[in-house]
Amino acid sequence: MDLYTWLKAFHIIAVIAWMAGMLYLPRLYIYHCSAKPHSEMSETFKVMERRLLRAIINPAMVAAWVLGLSMAYLGDLWGEGWFHGKLLLLLIMQLTHAGYARWRRHFAADDNRHSAKFYRIMNEVPTVLMIGIVILVIVKPF
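Quick caveat: nothing in here was measured; it's all calculated off a predicted structure.

The rules behind these values
Residues numbered from 1 in each chain as written. Predicted model: local features only at pLDDT ≥ 70, side-chain atom pairs only at ≥ 80, totals over all residues. Heavy atoms only, no water. Salt bridge = Lys/Arg side-chain N within 4 Å of Asp/Glu carboxyl O. Helix = DSSP H or I, 4+ residues; strand = E, 2+ residues; numbered from the N terminus. Buried < 20%, exposed > 50% of the residue type's maximum accessible area, 1.4 Å probe, protein only. Patch = residues over 30% accessible without salt bridge, like charges linked within 9 Å, V, L, I, M, F, W, Y side chains within 5 Å. Areas by Shrake-Rupley, 256 points an atom, 1.4 Å probe, with all protein chains shown as cover. Core = buried A, V, L, I, M, F, W, Y, C linked by side-chain atoms within 4.5 Å. Contact = heavy atoms within 4.5 Å. 1 Å grid on protein atoms, 1.4 Å probe; cavity = no way out; pocket = protein on both sides within 12 Å on 5 of 7 lines; lining within 4 Å. Points joined across faces, edges and corners; volume = space filled by probe spheres on them. Nonpolar A, V, L, I, M, F, W, Y, C, P; charged D, E, K, R; others polar.

(A) Inspection of the pattern of salt bridges at higher detail. Throughout the structure, instances matching the rule amount to 3 salt bridges. The partner of K46 in a salt bridge is E43, and the shortest N-O contact between them spans 2.9 Å. Of the two residues, K46 and E43 both sit in helix α2 (residues 40-75), 3 residues apart, roughly one turn of that helix. On the basis of relative accessible area, K46 is assigned to the buried category, the value being 11%. Owing to a relative accessible area of 33%, E43 belongs among the partly exposed residues under this scheme. Its salt-bridge partner being K46, residue D110 comes within 3.0 Å of it at the nearest N-O pair. A residue pair is termed long-range when its members are at least 10 positions apart, and D110 in the loop between α3 (81-108) and α4 (116-139) and K46 in helix α2 qualify at 64 residues.

Now the structure itself:
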């Protein structure tokens with residue numbers, strides 16, 4: 001097997017881990033909204049959110065980017081239209097990730113600024129982006 005195949009396998013593993021965390025973290029925020037600040041439940045959510053972000057989501061995101069860019073280099077994908085579309089959606093995913101991290105800091109400081117409904121909507125963003133990314137990578141429409 002060649003290097004590209006190994007990179008692809010580990011890239012898919014990293015993306016699955018990243019997306020699992022990105023789909024679960026806002027769900028924790030939805031539940032955290034109903035917990036009273038400084039309560040035992042709120043403190044438990046803070047620990048869960050911090051660990052999920054720092055131990056799973058962030059490392060998986062870094063691995064996905066490093067492996068993906070390595071594949072792009074080896075496969076010389078920089079001139080492909082579908083790849084440009086994928087990069088655009090990935091940048092939006094990265095902004096979503098940054099928003100999740102920011103909101104975690106707000107919850108950690110007992111300074112949540114959004115409703116459960118807001119987090120329900122934001123919970124759907126990674127799914128929509130993931131669908132677009134998978135279609136671009138598999139179908140390569142342009």
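(B) Quick peek at a nonpolar patch on the surface. Together, L3, L69, Y73, L74 and W78 make up an exposed nonpolar region whose accessible area comes to about 550 Å². Take the nonpolar patch: its biggest share by element is 3 residues, from α2. As for its placement among the helices and strands, Y73 is situated in helix α2.

(C) How the structure looks around the nonpolar core. Among the nonpolar cores identified, the biggest contains 37 residues, and W18, M22, L25, Y29, I57, M93 and Y100 are the most heavily contacted of them. Secondary structure elements with two or more residues in this core: α1 (3-33), α2, α3 and α4. For this core, the element with the highest residue contribution is α2, accounting for 11 residues. Every residue in contact with Y29, bar those within four places of it in the chain, is listed here: E49, Y100, W103, R104, F107 and Y119.

(D) Region of the structure containing the layout of surface pockets. Looking at the largest pocket, its volume works out to about 650 Å³. Among the secondary structure elements, those contributing two or more residues to the lining of the largest pocket are α1, α2, α3 and α4. Residue contributions to the lining of the largest pocket peak at 8 residues, all from α1. Among the residues forming the lining of the largest pocket, the class breakdown is 22 nonpolar, 2 polar and 3 charged.

So yeah, pure geometry; function would need other evidence.
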